[in-house]
Structure formats: C-alpha cells, structure tokens
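# Structure at a glance
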Amino acid sequence: MVHNKNVTSYSWKDLPKLLIVLLAITLICLLFPSHDQAAYRYQQGQPWAYEDLAVTRPFSTQIANNNPKDSIQAPLQLEFSAGDILVRKGEQVTSSMYKLLNQYFAQPVDFTGQRYIYFLGYFLLTAMILGALVLFSIKYFPQITQTTSGVIFLVIWPVLFSFLVFLINKNDTVSPYLIPFCLVPIIVYNFYGGRLALFIHIVVVLIASFLSELGYEFTFLQILAGIVTLLVITETRYWNVFFRTILVIMLTYLVGYLGLALINSGSLNMAECKTFGWLAFNSLLLLLAYPFIPIVEKLFGFTSSILLAELADMNKPLLKELSIKAPGTLQHSLQVANLSEAAADKIGANGILVKTAALYHDIGKMKQPELYIENSKGVNHHEKLNNFESARIIIEHVTEGVEMAKKAKLPKVLVDFIRTHHGTTRVEYFYRNQLSSEPDREFDESLFRYPGPKPTTREETIMMIADSLEAACKSLKSPTGQDIDQLINKIIDHKIDNGQLSESRLTFTELATCKEVWSSLLRSINHVRIEYPSEVKPSQG
C-alpha cells in the first residue's frame, strides 16, 4: 500500500489559485477599521467596551473646566502623544470623555501615510492566517488545493464572515454576537470532517476578532462554541440529532458568556443581558446550515451525507430498476453495502459514502443481467459464448455502469467507486478457461483485465475487498469459522500480491481491523454454528 499520498506538485498552472488567495486577503484587509470613529460604538454613560484606546497620532484639544474650586472657568488644554491611553476598557464614558472621544475621532487622518501603514499591518496578519490555512490544507487535504473551486471554498468563509462583521459594525442596533459563526464548522464538517472544519472556524474567528474589536471574550466564546459544535455534531441529515446539536451550542454560548460577564463585572448589566438574546438568536440561525449544505454542494461539486442518504433510498430510479431487472445483483449489492459500511465505520472512514457506492457499484449488470451468475436462475448462458466474449461482457459491466451513473447524474465520487471496484484485476475464470482449452494459442492478456484504475481512497479499497469477499463466500458450502478466515486472508493476500492496493491510502493496521469486522459478519451471514465435540461415552468400570 502507498505510504505517502500527500506529496503534491505545483506549477505555473496554479497561479490562479494564488491570485484567489491574494484577492481574498486584500478584500478582508479593505474591511478592517481605519482607526476612526467607525471602528467603535460608544454612548455617554456606558462603559468603554473595547480594549484600551491608545492615541495613534499627536492630539491636542480643549475641554470645559468644571472644577468649582477654580475661580476662573477657563477651558483646559489637553495634550496627548502617540501611545498615550485615551480611555481604558471598562471605564465609564462621562460627558467630558464623550466629547473628547468625538474630537479625537473627528481629526483628519493622513490617508497617504498612516492609513497605508495600518493596511500593511492588517495585510501581513491576514496573509499569515490564510497562508496557514492553505498550507494546512496542502498537507492534510491535498485534494482541495488541487482545484480552483477547492481553493475558493477554503477562503470564501473568512471573506463572507468578515463582510458580515463589517456590515454589523456599521449598525448600532445589532451586535456581532448575532453572527452564526458555527455555521462554518457544521457545513465544512459535512464535506471534509472535523479537522479542517475546526481549522477554518478558528481562522474565521481570528479575523472577525480584529474587525469586531470586542476583545478576547468574543474570540474565546466563538472558538469554544466551534469546538463544542464539532464534539456534538454527528449527522445533519437527521432533524432530531441536528436540533439537539443546536441546543447544546446555544447552552454553550449562554453559559460561556455568563461566566465571562461574571468575571468582568461581578454582575449582569442591561447591555450584557441583551447579549444573551443575541446569542440565543445566533443559535437559531444555525438552522440555515440545512439549506446551505445542498447549495454549497451544487456550487463546489461536493457530496454531503444528506445527498448520499437520499441516493441510498431504494425508490431511486436506478435502484428500483436494478431490483426489477437484476434482483440477484441487488441482493449482492446490499450485502456488500453492509460489509463495507461496518468496516468503514470501525476505522473512522466514511460509512454512508461506501454504503451508497456499494448499492450502485454493479448497476452496469442491468444491460445483460442473465449473464451474471446471481441472476442466471441456474442456466449457464456462457455456454454459447467463447471465453473472449464472456470476458468482454463481464468487464463491460464496469464501463456500462460508469455511463449509466453519468447519465443519471450521480456524483463523481460514486462514479469513481464503479470504476475502481475491480481495479485492474483479471477475469480469472475465463482467463484460466482459455489457457486450458487452447494452451497453444497466443492472445493478449489485457483482453481479460478490467480497465481500472486501482482504488486510492480507504472507502474504495474497502468496497473492492468486500465485493470480492461477498461473492467468494457463496462458493463455500457449510463453512466453518476457520474456512471463512482462510478465505478472507486468501482474497486480501491475492489483492496485495497483484498490486491492487498499491495506490490505496488504507493502512495495514486499518486493514487488520476490517478483517475482524468481515470475519464476524460473514460468520453470521453464512450461519456458522459452534462445532460441538463428539459425545464421550463413560468407560465401563
């Protein structure tokens, strides 16, 4: 088996992908605050909700002198240097402080100098964050970065949520806590699992934290909610499970914010109580994940568990047709689906994917179903054909299946299962028949080989082996447990010896786990019973 499939080569053809990443970085940086009044929202009589505000440029102003001890109420002249603290976090915005802040923010900004320096700083930080995301994907999810649409999928989340934060910052009536950041891990999880989902979520929250200026509490709470989301989410295709997940996320938000509020002020003020409402509404907005998943599916050509569950419905046209034209093949496919799903679930692979693929893997047999033993009803239709014709027909069920799957617009990932479920193996029965019937005749061995390619993913490999095991077990008559174990080892060793697993990402440790699962299931399917020892008669004394 292959030991390292993550080595990906890149060339000038990948320049559009780099430009997409740079465009995303630039768009995000244009949304960052320019250190003027638009970056902050404050009211007289309320505490300053942001981090300490430091003066970024020399600033002088006059404020009214309200000190009753002074006989002459002359205005006070205040001087600030760059780096001086104007207001500290949590400090009350008094009337004089409110006027001071307004005067500071009303100063003209040096757009040609200071603004560009800020932009450069934001650009560097954003480039580091998005760069880390891209490098992580190259290392652990190379299939994403191999396509332009995959790169867009990676960077679109930080851009979209940055834009949302930017819009909400412009609106004094809405809080950034309303934004459903946990939509990201829920949607990404459906396509690429928890690791990438958490990484993208952290990237989105880090960038949003710069934009919102709400401090570490905002960052802490959103990252915590994302982690909990990925801990509790298992399926989005079942409404009851999905609702439970949303309730847990809501509870995490509310309890987490309560803890932060008590730490900061020791009590709850009106502004903090309103935040609880925003967080509750935020959690309800996560219901949008359900319609968004199919939209993302269509836009980027992905396949979610929701779609796979729909395709596994036995009333789908292809499966309905298979049940009528080739009922024996359907029964075989159902057994392969059970064997494959159980093994995939045991090693942490995609069980619903391999199950659905197994149901469709032999749809090509519908063209001439009677020529396959499970549909032959005891009649050998190959007696009228020579070995070359028989082999061609058997091999064609793969190519016919691919065409039928494309015509039915099945996802590409399922089409790949149909292509690879026999790899480049030989149709051994007819190949050996030909060798024995005409030993002196020379012929091209490739006429008896499936076109391939070989399986590469863990799921494709599992289904290939499960398909062979299910078919081979039918040849066993009243098998014992030892017979089944020997058959499993024989078939897997044959696949390995013939190089059929040379490109697979399935590890030997995972394969050993799969063997245990298959051994247990095949014993049950074939009704292996306990072998009782023969009765020992007592000796006569």
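For clarity, every value in this text was computed on a predicted model and none was experimentally measured.

Below, the discussion takes up the layout of surface pockets. Its volume calculated, the second largest pocket comes out at about 1600 Å³. Lining of the second largest pocket is provided by 46 residues; of these, Val 427, Glu 428, Tyr 429, Ala 471 and Ala 472 occupy positions nearest its centre. Those elements that place two or more of their residues in the lining of the second largest pocket are helix H15 (387-407), helix H17 (428-437), helix H18 (458-473) and helix H19 (481-497). Looking at the lining of the second largest pocket residue by residue, the classes come out as 14 nonpolar, 18 polar and 14 charged.

Next up on the list: the pattern of salt bridges. Here the structure, examined in full by the defined rule, presents 18 salt bridges. The salt bridge partner of Glu 445 is Arg 449, with a shortest N-O separation of 3.2 Å. Residue classification places Arg 449 among the partly exposed positions, given a relative accessible area of 28%. The network of salt bridges with common partners includes Arg 426, Glu 428, Arg 432, Glu 445 and Arg 449.

In this structure, Leu 101, Phe 153, Trp 157, Phe 181, Leu 196 and Ile 200 are the most contacted members of the largest nonpolar core, which totals 83 residues. With 16 residues, helix H6 (residues 183-212) is the largest single contributor of residues to this core. Excluding residues that lie within four positions of it along the chain, Ile 200 makes contacts with Leu 133, Leu 154, Trp 157, Val 184 and Val 188. If you look at the next biggest cluster of nonpolar residues, it comprises 51 residues, including Leu 330, Ile 347, Leu 414 and Leu 469.

The next thing to look at is the confidence of the model for the chain. Detailed conclusions should not be drawn from predicted coordinates in areas where pLDDT is low. Overall, the prediction assigns the chain a mean pLDDT of 85, with 87% of residues at 70 or greater. The lowest-confidence element of the chain is strand E2 (residues 59-63), averaging 74 in pLDDT; the highest-confidence one is helix H14 (residues 351-360), averaging 96. Segment residues 3-7 is flagged for pLDDT under 50; beyond a separation of four residues in sequence, or across chains, it makes six contacts in the model.

Evaluated as defined, the whole model comprises one cavity of 30 Å³ or more. Taken as a whole, the largest cavity holds about 50 Å³ of empty space. What lines the largest cavity is Gly 364, Lys 367, Gln 368, Tyr 372, Ile 393, Glu 396, His 397 and Glu 400. Residues belonging to the lining of the largest cavity are distributed by class as follows: two nonpolar, three polar and three charged.

Interaxial distance between helix H5 (residues 148-169) and H6 falls to 9 Å at its minimum, and their mutual angle equals 40°. In terms of orientation, H5 lies oblique with respect to H6. Taken as a pair, H5 and H6 cross one another with a handedness that is right-handed. Along the lines of polarity and charge, the residues of the contact of H5 with H6 split into 19 nonpolar, three polar and no charged.

We now examine unusual backbone geometry. The phi torsion of most residues other than glycine is negative, and most of the peptide bonds are trans. Note that the residue after Gly 452, namely Pro 453, is joined by a cis bond; omega there is 5°. Here Pro 453 lies in the loop between H17 and H18. We note that Lys 409 has phi near 60°; this positive angle belongs to a residue other than glycine. Note on placement: Lys 409 falls in the loop between H15 and helix H16 (412-420). Although it is not a glycine, Ser 478 sits at a positive phi angle of roughly 45°.

The geometry of an aromatic ring pair comes down to the distance between the two centres and the angle between the two planes. Applying the stated criterion to the full structure yields 28 aromatic pairs. Centre to centre, the rings of Phe 181 and Phe 218 are 5.6 Å apart; their planes meet at 80°, and the pair counts as edge-to-face. Highlighted residues: Phe 181 in the loop between H5 and H6 and Phe 218 in helix H7 (residues 216-232), separated in sequence by 37 residues. Ring plane angle 85° and centroid distance 5.3 Å describe the contact between Tyr 192 and Phe 302, whose orientation is recorded as edge-to-face. Of this pair, Tyr 192 sits in helix H6 while Phe 302 sits in the loop between helix H10 (289-300) and helix H11 (305-311), and the two are 110 residues apart along the sequence. An aromatic cluster of at least three residues, connected via ring pairs, comprises Phe 136, Tyr 140, Phe 141, Phe 153, Trp 157, Phe 191, Tyr 192, Phe 199, Phe 300 and Phe 302.

About the criteria used
Every residue gets a number counted from 1 within its own chain, in the order that chain's sequence is written. In keeping with the predicted nature of the model, local features appear solely for residues at pLDDT of at least 70, side-chain atom pairs appear and are counted solely at 80 or more, and the whole-chain, interface and lining totals rest on all residues. Excluded from the side-chain calculation are hydrogens and water; included are all heavy atoms of the structure. Cavities and pockets are defined on a 1 Å grid built over the protein atoms alone: a cavity is a set of grid points where a 1.4 Å probe fits but cannot escape, while a pocket is an open set with protein on both sides within 12 Å along at least five of seven lines, and lining residues are those with an atom within 4 Å of any such point. Grid points are joined across faces, edges and corners, and a volume is the space filled by probe spheres set on the points. Under the DSSP-based scheme used, a helix requires at least four consecutive residues in state H or I and a strand at least two consecutive residues in state E, with every element numbered from the N terminus. Each residue is assigned to one of three groups, with Ala, Val, Leu, Ile, Met, Phe, Trp, Tyr, Cys and Pro labelled nonpolar, Asp, Glu, Lys and Arg labelled charged, and all others, Gly among them, labelled polar. Salt bridges, as used here, are contacts in which a Lys or Arg side-chain nitrogen is within 4 Å of a carboxyl oxygen on Asp or Glu. Relative accessibility decides the category of a residue: with a 1.4 Å probe and only protein chains considered, values under 20% of the type maximum give buried, values over 50% give exposed, and everything between is partly exposed. Here, nonpolar core means buried Ala, Val, Leu, Ile, Met, Phe, Trp, Tyr and Cys residues that are tied together by side-chain atoms lying within 4.5 Å of each other. Throughout, a contact is declared for two residues whenever any of their heavy atoms are within 4.5 Å. The pLDDT value expresses, per residue, how confident the predictor is, ranging between 0 and 100. Axis angles are defined between N-to-C directions and span 0 to 180 degrees, where every axis is a line fitted to C-alpha atoms and, for a helix, only to the segment in contact. In what follows, roughly perpendicular refers to angles from 65 to 115 degrees, roughly parallel to angles under 35, roughly antiparallel to angles over 145, and oblique to any angle outside these ranges. Should the near helix be turned anticlockwise from the far one by less than a right angle, the crossing is left-handed, and should it be turned clockwise, the crossing is right-handed. Planes of paired rings set the category: under 30 degrees apart is stacked, over 60 is edge-to-face and the rest tilted, where pairs are Phe, Tyr or Trp rings (Trp by its six-membered ring) whose centres lie within 6.5 Å.

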